[in-house]
Amino acid sequence: MEDSHDHTGVLDAVMERVRSHIGEGRVADYIPELAGVDPDEFGFAMATVDGDLYSVGDHARTRFSMQSITKVFTLALVMHGHSGSDVWKRVHREPSGNAFNSLHQLEFENGVPRNPMINPGALIVTDQLLSDTGDSAGALQDLLCAETGDPGLHADNLVAESETRSGDRNRALAYLMASFGTIRNPVPEVLDHYFRQCSITISCEELARAGLFLARRGRRSDGSELLSPSDARRILAVMLTCGTYDAAGEFAYRVGLPCKSGVGGGILAVVPGVCTVAAWGPGLDEKGNSVTAALALEAFTDVTGCSVF
Ligand code: DON
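What counts, and where the lines are drawn
Every residue gets a number counted from 1 within its own chain, in the order that chain's sequence is written. Since the coordinates come from a predicted model, pLDDT governs what is reported: local features require at least 70, and pairs of side-chain atoms require 80 or more to be given and counted, while whole-chain, interface and lining totals use all residues. Side-chain numbers here rest on the full set of heavy atoms in the structure, without hydrogens or water. Segments assigned H or I by DSSP are reported as helices when at least four residues long, segments assigned E as strands when at least two residues long, and all are numbered from the N terminus. All radius of gyration figures rest on C-alpha atoms, and the globule criterion is 2.2 Å times the number of residues raised to 0.38. Burial classes follow relative accessibility: with a 1.4 Å probe on protein chains only, a residue under 20% of its type's maximum area counts as buried, one over 50% as exposed, and anything between as partly exposed. Contacts are residue-level and defined by heavy atoms, with any inter-residue pair within 4.5 Å sufficient. Each accessible area is a Shrake-Rupley result for a 1.4 Å probe, and residues are judged covered by the shown protein chains and nothing else. We treat two strands as partners when DSSP finds at least two bridges between them. For helices, the fitted axis covers only the stretch in contact; all axes are lines through C-alpha atoms, and the angles between them, taken along N-to-C directions, range from 0 to 180 degrees. Any angle that is under 35 degrees is reported as roughly parallel, and any over 145 degrees as roughly antiparallel; angles of 65 to 115 degrees are reported as roughly perpendicular and all others as oblique. Helix crossings are classified by the rotation of the near helix relative to the far one: an anticlockwise turn of less than a right angle makes the crossing left-handed, while a clockwise turn makes it right-handed. Asp, Glu, Lys and Arg are counted as charged, while Ala, Val, Leu, Ile, Met, Phe, Trp, Tyr, Cys and Pro are counted as nonpolar; the rest, among them Gly, fall into the polar class. Consider each residue's heavy atoms; a residue with any of them within 4 Å of a molecule or strand counts as near. Counted as a polar contact is a pair of N or O atoms within 3.5 Å, where, for protein atoms, one must be capable of donating a hydrogen and the other of accepting one, and residues adjacent in sequence contribute only when both atoms are in side chains. Here is the rule: rings of Phe, Tyr and Trp (six-membered ring for Trp) pair when centre to centre is within 6.5 Å. Planes less than 30 degrees apart are stacked, more than 60 are edge-to-face, and the remainder are tilted.

A look at the overall build of the chain
Point 1. Regarding its fold elements, the chain presents 14 helices and 9 strands.
Point 2. Taking 309 residues into account, the globule formula puts the C-alpha radius of gyration at 19 Å, and the chain, at 18 Å, falls close to it.
Point 3. Judged by the C-alpha coordinates and their principal axes, the chain covers about 55 × 40 × 35 Å.
Point 4. When each of the 309 residues of the chain is scored for burial, the buried share is 58%.
Point 5. In the chain, 70% of the contacts between residues at least 6 apart in sequence involve partners at least 24 apart.
Point 6. Roughly 11900 Å² of accessible area belongs to the chain as shown, and the carbon and sulfur atoms make up 48% of that amount.

Pasting the structure below:
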């Protein structure tokens, strides 16, 4: 990771590891609009804190559905606001060991989700951001546009509508929490913002740039502070322990970096103080993590030795 020659070697190694696996896994189809994505696409990008951007794969600039990767950014916005500490009264910081949309744990834990990286936790964060800003989805979009430098980044309305139509499980999670009093705004409004947030599309190159504030210990691209260094470190801890759902232990073992995945097939990883890495391949494993993005990240840490361990 010292000069451009090394970066080329890293990107080549990533492509080498992934190439024969492209197309593996199953594209998410519980959101019907996502089912039509070509499973053979793959992209990978790395953005350094010094401002360099490197990418490989035919689709490093193709936009894909961010889905749960948005959960990191909405959490950052809530922690930036005055409500940062308040939100932790309504959501814990423990790995769930369960599927990201599981209901039963939420019921016997009295409507307090295990962490903000799974759906119920993200619904709490969205509820809080809605209270803080009056427009949770708008606040997220503004942050992403500013950090990627592309004012045109936006939600995909077809995906948002598709999720709204097929979102009974998220509705169940939200109403269950409302019954415990842990959701404060009207449930349909919270869900509307949540679905629009998940449907934002972004490319690997853009995602790597958007997440750089986490590698820069909380500093945004314009140098202003989104998070204190301590809060940036805390979000990375939550990503490492909870960001890939019930595969977080496996990711810590294989990749060794704070990661956040989404069912659109993207994964964002952070090397604190150094760079971010974004990988995308639409085919998912049984836990909902991209097969090729996980392989790419594993190759990245193997070759560079960049890991938090
Ligand atoms: O709510 C859902 O099920 C999707 N919009 C996002 C799921 C996802 O990416 C993984 N979940 N944490």
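That shown, we press on.
Overview of the environment of alanine 294
Point 1. With respect to the helices, strands and loops of the structure, alanine 294 is situated in helix H14 (residues 291-304).
Point 2. It is 9.2 Å that separates the C-alpha atoms of alanine 294 and serine 261, two residues lying 33 residues apart in sequence.

What to know about the sheet that holds strand S7 (residues 266-271)
In a beta sheet, neighbouring strands are held together by backbone hydrogen bonds and run either parallel or antiparallel to one another.
Point 1. The strand order across the open sheet formed by 5 strands is S3-S2-S8-S7-S6, and the pairing between neighbours is antiparallel. This sheet does not close on itself; its edge strands, each paired only once, are strand S3 (53-56) and strand S6 (259-261). Averaged over all pairs of adjacent strands, the angle between strand axes in this sheet comes to 10 degrees, irrespective of strand direction.
Point 2. The sheet contact formed by S6 and S7 spans 3 bridges and is antiparallel. Pairing of lysine 260 across the sheet is with leucine 268, part of S7.

Some thoughts on the pairing of S7
Point 1. Among the 6 residues in S7, 6 count as buried, and that is most of the element.
Point 2. Of the two faces of S7, the one carrying Gly266, Leu268 and Val270 and the one carrying Ile267, Ala269 and Val271 are both buried.
Point 3. In this antiparallel pair of consecutive strands, S6 and S7, the connection spans 4 residues, and glycine 265 shows a positive phi of 100 degrees.
Point 4. Sheet topology note: the S7/strand S8 (residues 275-280) ladder contains 6 bridges and is antiparallel. Note on S8: the bridge partner recorded for leucine 268 is alanine 278.
Point 5. The antiparallel hairpin formed by S7 and S8 contains 3 residues in its connecting segment, where glycine 273 sits at a positive phi of about 80 degrees.

Re the packing of helix H2 (residues 70-80) against helix H5 (residues 119-133)
Point 1. Between H2 and H5, the shortest axis-to-axis distance is 9 Å and the interhelical angle comes to 40 degrees. With respect to each other, H2 and H5 are oriented oblique. Judged by the sense of rotation from one axis to the other, the crossing of H2 with H5 is left-handed. Residues Lys71, Thr74, Leu75, Leu77 and Val78 of H2 touch H5, and the partners they reach there are Asn119, Ala122, Val125, Gln128, Leu129 and Asp132.
Point 2. Among the residues making up the contact of H2 with H5, the classes are represented as 6 nonpolar, 3 polar and 2 charged.

Remarks on the site of the ligand
Point 1. Close to the ligand lie 15 residues; Tyr30, Gln67, Ser68, Glu163 and Tyr194 are nearest.
Point 2. The separation between an oxygen atom of the ligand and a polar side-chain atom of asparagine 170 is 2.8 Å.
Point 3. Take valine 263: an N or O atom from its main chain is 2.8 Å from an oxygen atom of the ligand.
Point 4. Contact with the protein chains covers 99% of the free accessible surface of the ligand, which is 340 Å².
Point 5. Counted by class, the shell around the ligand contains 8 nonpolar, 5 polar and 2 charged residues.

Some thoughts on the environment of leucine 212
Point 1. Within the secondary structure, leucine 212 sits in helix H11 (residues 212-215).
Point 2. Separated by 64 residues in sequence, leucine 212 and threonine 148 place their C-alpha atoms 9.5 Å apart.
Point 3. Once you skip the residues sitting within four places of it in the chain, leucine 212 turns out to touch Ala47, Thr48, Val49 and Thr276.

Here we look at the packing of aromatic side chains
Point 1. Counting across every chain of the model gives 6 aromatic pairs.
Point 2. Relative to phenylalanine 300, the ring of phenylalanine 44 lies with its centre 6.3 Å away and its plane at 45 degrees, an arrangement referred to as tilted. On the criterion of sequence distance, the pair formed by phenylalanine 44 in strand S2 (residues 43-48) and phenylalanine 300 in helix H14 is long-range, its members being 256 residues apart. The same class applies to phenylalanine 44 and to phenylalanine 300, which are both buried.

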